[in-house]
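Notes for the structure review
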Amino acid sequence: SDLESGAKIEVTHLVLGSHATYQGCQIDLSGHDSALETDIGYLLEAGSKLDMNYNAIHRGKKTTSRIDASGVLKEAAFKLFRGTIDFKHGSAGSVGNEKESVLMLGDGVINKTVPLILCAEENVVGNHGATIGELDDETLFYFESRGIGKAEAENILARAAIERLARETGDEETEKLIIKILDEDL
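First, a word on scope: everything that follows refers to the structure included in this document. Keep in mind that what you see is a predicted model, and the values were worked out from it rather than measured.

1. A few points about the overall build of the chain
- A tally of helices and strands in the chain yields 3 helices and 10 strands.
- Listing each helix as α and each strand as β along the chain from the N terminus yields β-β-β-β-β-β-β-β-β-β-α-α-α.
- Dimensions of the chain along its principal axes, counting C-alpha atoms only, are 55 × 35 × 30 Å.
- The proportion of buried residues among the 186 residues of the chain is 40%.
- For the chain, contacts bridging at least 24 residues in sequence account for 82% of all contacts bridging at least 6.
- Of the side chains in the chain, 19 bear a positive and 33 a negative charge, and the two mean positions are spaced by 3 Å.

2. Here we look at the layout of surface pockets
- In this structure, the largest pocket occupies an estimated 230 Å³ of space.
- In terms of lining residues, the largest pocket is bounded by 15 residues, among which S101, V102, L103, T131 and G133 are the most central.
- Of all the secondary structure elements, the ones that give two or more residues to the lining of the largest pocket are β6 (64-74), β8 (95-105), β10 (125-133) and α2 (150-168).
- A per-class count over the lining of the largest pocket returns 7 nonpolar, 6 polar and 2 charged.

3. Here's the deal with the environment of D2
- Looking at the element boundaries, D2 is found in strand β1 (residues 2-3).
- Owing to a relative accessible area of 54%, D2 belongs among the exposed residues under this scheme.
- Remark: the alpha-carbon pair of D2 and D107, spanning 105 residues in sequence, is separated by 41 Å.
- Excluding anything up to four places from it in sequence, D2 contacts D28 and S30.
- Looking at D2, its side chain comes within polar contact range of the side chain of S30, at 2.5 Å.

4. Considering the packing of aromatic side chains
- Considering all chains together, one arrives at 2 aromatic pairs under this definition.
- Each ring, one from Y142 and one from F143, has its centre 5.8 Å from the other, and the planes form 80°; the classification is edge-to-face.
- Classification of Y142 as partly exposed rests on a relative accessible area of 44%.

5. Thoughts on empty space enclosed by the protein
- What the rule picks out here adds up to 1 cavity of 30 Å³ or more.
- When its volume is computed, the largest cavity comes out at roughly 30 Å³.
- Lining the largest cavity we find F81, E98, K99, E100, T113, P115, H128, G129 and A130.
- Within the residue set of the lining of the largest cavity, elements represented by two or more residues are β8, β9 (110-119) and β10.
- For the lining of the largest cavity, the per-class residue count stands at 3 nonpolar, 3 polar and 3 charged.

6. Details of the side chain of K74
- In this fold, K74 is placed in strand β6.
- For the buried K74, no salt bridge exists, and the shortest N-O distance to an oppositely charged side chain is 4.3 Å, to E45.
- Engagement of the side chain of K74 in a polar contact is seen with the side chain of N155, the distance being 3.3 Å.

The rules behind each value
Residues numbered from 1 in each chain as written. Predicted model: local features only at pLDDT ≥ 70, side-chain atom pairs only at ≥ 80, totals over all residues. Heavy atoms only, no water. Helix = DSSP H or I, 4+ residues; strand = E, 2+ residues; numbered from the N terminus. Buried < 20%, exposed > 50% of the residue type's maximum accessible area, 1.4 Å probe, protein only. Contact = heavy atoms within 4.5 Å. Lys, Arg positive; Asp, Glu negative; His and termini not counted. Charge placed at Lys NZ, Arg CZ, Asp CG, Glu CD. 1 Å grid on protein atoms, 1.4 Å probe; cavity = no way out; pocket = protein on both sides within 12 Å on 5 of 7 lines; lining within 4 Å. Points joined across faces, edges and corners; volume = space filled by probe spheres on them. Nonpolar A, V, L, I, M, F, W, Y, C, P; charged D, E, K, R; others polar. Polar contact = N/O pair within 3.5 Å; in protein donor to acceptor, adjacent residues only side chain to side chain. Phe/Tyr/Trp six-rings, centres within 6.5 Å; stacked < 30°, edge-to-face > 60°. Salt bridge = Lys/Arg side-chain N within 4 Å of Asp/Glu carboxyl O.

Don't take any of this as a statement about function, it's just geometry.
Written out as structure tokens, the structure reads:
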């Protein structure tokens, strides 16, 4: 997409256990005060593969971008996330934020997170970060002290981010379909 002055685009992508998925988008923030809001959620089962590439290209002044990804990798799932915030000459006053949270459950999980900030302009702000890990002992203890075992705790946490994005779609039928898929898979 190419955004003109004052334009805003909101992108929501959900991947639920597909065998192999390749997705992404490139948004050219060419107009002044244009904005991108991206939410990505994924739940990958054993043997699933997800390859993502998201690009926010800032050209106009005072543009903003946010790329948020969160998901769960189970048993030998593979995920590659490439996110680029590119501040071109002329994008003064622009802000780009990118973050990812990955919960890895099981053996053989492969996670690759590749954030990139390119900058050819002064007076811009670019932030990126990633939180990647497994359930820690403290979290497991919390669940176990309430009678919830490890497998059920993993399922609760796996559902949380996906359900949040499902509610934010603003479409009741889509939300029901996502919850149905989660009920079948978890």
